[in-house]
Amino acid sequence: MEEFRVVLLVFISTVLINNFILVKFLGICPFLGVSKQVETAFSMGLATTFVMTLTAAATWLINTYILEALNLPFLRYVSFIIVIASLVQFVEMFIRKSSPVLYKALGIFLPLITTNCAILGLALLIPLNGYNFITSVVFGLGAGIGFTLAIVLMAGLRETLEFGDVPETLQGVPITLILAGLMAMAFMGFSGLISI
Amino acid sequence: MLKKIYKDFKNGLWKENPIIVLVIGMCPTLAVTNTVENGLAMGIATSFVLISSEIVISLFKKLIPNNVRIPSFILIIATFVTFTDYFLKAFFPDIAASLSLFIPLIVVNCLILGRQEAFASKNPTSRAIADALGMGIGFTWVLVLLSAVRELFGMGSIFGIGILGSWYEPMVIMVLPAGAFLSLGILVGIMNMIKRRGN
């Protein structure tokens, strides 16, 4: 029961309190780049969540049974990035074979997930936090859902903003950043919701 | 030739500045600019990785097969990042602790991979060095400016030295995540305005 409680708290805290985008600044590039439409933002979030959950499991296994068992921590960055790149490639091949519709919807975003720093950040945070296997997978899932939440909310705001009267100098990137700042302020309200 | 090198160097400083114009490498820009010290350290670390990997890749560009160039670039970058990480941990443990996760994350900084793909893999080494220096300095100065603004308003100090006296009520929001988004947004807006005036 105690185990279950910890897992649940980790999940809620990664989705809301320590949101990867708005609090930890991981994955800002897709957040700014792919948040013009709600639909594409949602597909991007879904693909990222999928890769994040798999990455959490794969890197936990590699870190525990290979890198730490053989005392090779200096190979961590190199091996993690290889794992992520091949995982993304694998997911791409799998989706192309199993569901061409989804593959078409995700398009270019799939290969770009490799250079999303939220994924490598997630893989590096797990050994730092010392999670066990189940908690790591839940942490990956929570991070992905938090990412999806932030990017979909942002896309909704930007769609509405299309009709707004934005000053010429603030159009494009600046107004998006300011919006993100306001969202981050709103998410600050979640801090202190629970404590571990 | 020299003129070309100078042009490549100048390119990154303003005209194609990685942060303001290309809007890449956003994660470290927002995350570690809460104090000038952190911003400067991050800028130098990123520049070091950028320069060394551009040198190596422009030297070996003929040997790297086209099909596997992206993985090869990432491996070369990751090697230099590991080196930087261990160097900082050994000689500047305080800075390494406050930058923590964002040193290893230089591996996936789009700025570095982007320059390898767009420049180093197509040009001679001398021009690649000029490009890396220009981009590195262009990245660093924006980081330092942004962190100076945030530290000044957020803590009333620069480099940890109190500038604004005790009368100043620090705006804590500026050193928190929300302040990073707001100040970068306003900064890019101001730069846009200056650019428009120039034209």
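Values in this document were obtained by computation on a predicted structure and should not be read as measured data. Chains are numbered independently. Their residues run from 1 in the order of the written sequence. To label them, take the chains in the order written and letter them from A, then take the ligands in the order written and number them from 1. Predicted model: local features are reported for residues with pLDDT of at least 70 only, side-chain atom pairs are reported and counted for 80 or more only, and whole-chain, interface and lining totals are derived from all residues. By convention in this description, side-chain values take in all heavy atoms of the structure and omit both hydrogens and water.

Strands are runs of DSSP state E lasting at least two residues, helices are runs of H or I lasting at least four, and both sets are numbered from the N terminus onward. A count of helices and strands for chain B gives eight helices and two strands. Mapped in sequence order, the helices and strands of chain B form the string α-α-α-α-α-α-α-β-β-α. The C-alpha atoms of chain B give a radius of gyration of 18 Å, which matches the 16 Å a tight globule of 199 residues would have. Principal axes of the C-alpha set define a box for chain B whose edges measure 60 × 45 × 25 Å. Only protein chains enter the calculation, and the probe is 1.4 Å; a residue is then buried if its accessible area is under 20% of its type maximum, exposed if over 50%, and partly exposed in between. The 199 residues of chain B split such that 51% are buried. A contact between two residues is defined here by any heavy atoms of the two lying within 4.5 Å. In chain B, of all internal contacts separated by at least 6 residues, the share reaching a separation of at least 24 is 76%. This count recognises Lys and Arg as positive and Asp and Glu as negative, with His and chain-terminal groups excluded. Just so you know, the charge point we use is NZ for Lys, CZ for Arg, CG for Asp and CD for Glu. Separation between the mean location of the 16 positive side-chain charges and that of the 10 negative ones in chain B comes to 16 Å. Throughout, the radius of gyration refers to the C-alpha atoms, and the reference size of a globule is 2.2 Å times the residue count to the power 0.38.

The next point concerns the interface of chain B and chain A. For interface size, the figure often reported is the accessible area lost on association. Listed per partner, the contact involves 37 residues of chain B and 38 residues of chain A. Buried area counts how much accessible surface, traced with a 1.4 Å probe, disappears from two parts once they are put together, with both parts' losses summed. Here chain B meets chain A over a buried area of about 3100 Å², counting both sides, of which 84% is carbon and sulfur. Pairs of N or O atoms within 3.5 Å make up the polar contacts considered here, provided that, within protein, one atom can donate a hydrogen while the other can accept it, and that residues adjacent in sequence are counted only when both atoms are side-chain atoms. Here chain B is connected to chain A by three residue pairs in polar contact (both at pLDDT 80 or more). Those elements that provide at least two residues to the side of chain B that touches chain A are α2 (26-31), α4 (69-91), α6 (110-120) and α8 (177-198) of chain B. Considering every element that reaches the side of chain B that touches chain A, the biggest residue donor is α8 of chain B, with 13 residues.

All names here are of chain A. By definition here, a helix of n residues has an expected span of 1.5 Å times n minus one. Between the first and last C-alpha of helix α7 (residues 117-129) there are 18 Å, a value that for 13 residues agrees with the 18 Å anticipated at 1.5 Å per step. For α7, the tally of buried residues reaches ten of 13 residues, placing the bulk of the element in the interior. Inspection of α7 places C117, A118, I119, L120, G121, L122, A123, L124, L125 and I126 among the buried residues, and these make up the whole buried set. The distance from a side-chain oxygen at the start of α7 to the backbone nitrogen of A118 is 2.9 Å, and the residue carrying that oxygen is N116.

Our next topic: the packing of aromatic side chains. Remark: the centre distance and the inter-plane angle together describe each pair of aromatic rings, the angle taken between the planes. Pairing of aromatic rings covers Phe, Tyr and Trp, the last through its six-membered ring, and needs centres within 6.5 Å; plane angles under 30 degrees mean stacked, over 60 mean edge-to-face, and all others mean tilted. Enumeration according to the criterion identifies twelve aromatic pairs over all chains in this entry. Centroid distance W14 of chain B to W141 of chain B: 6.5 Å. Interplanar angle 10°. Geometry classified as stacked. Of this pair, W14 of chain B sits in helix α1 (residues 2-15) while W141 of chain B sits in helix α7 (residues 125-155), and the two are 127 residues apart along the sequence. Through a chain of ring-to-ring contacts, three or more aromatic side chains come together here, namely F20, Y131 and F139 of chain A. Charge over a ring is defined by NZ of Lys or CZ of Arg lying within 6 Å of the ring centre and within 35 degrees of the ring normal. Here the guanidinium or amino end of K89 of chain B rests over the ring plane of Y86 of chain B, the centre of that ring lying 5.7 Å away. Of note, K195 of chain B hangs over the ring of W14 of chain B, and the distance from its end group to the ring centre comes to 5.2 Å.

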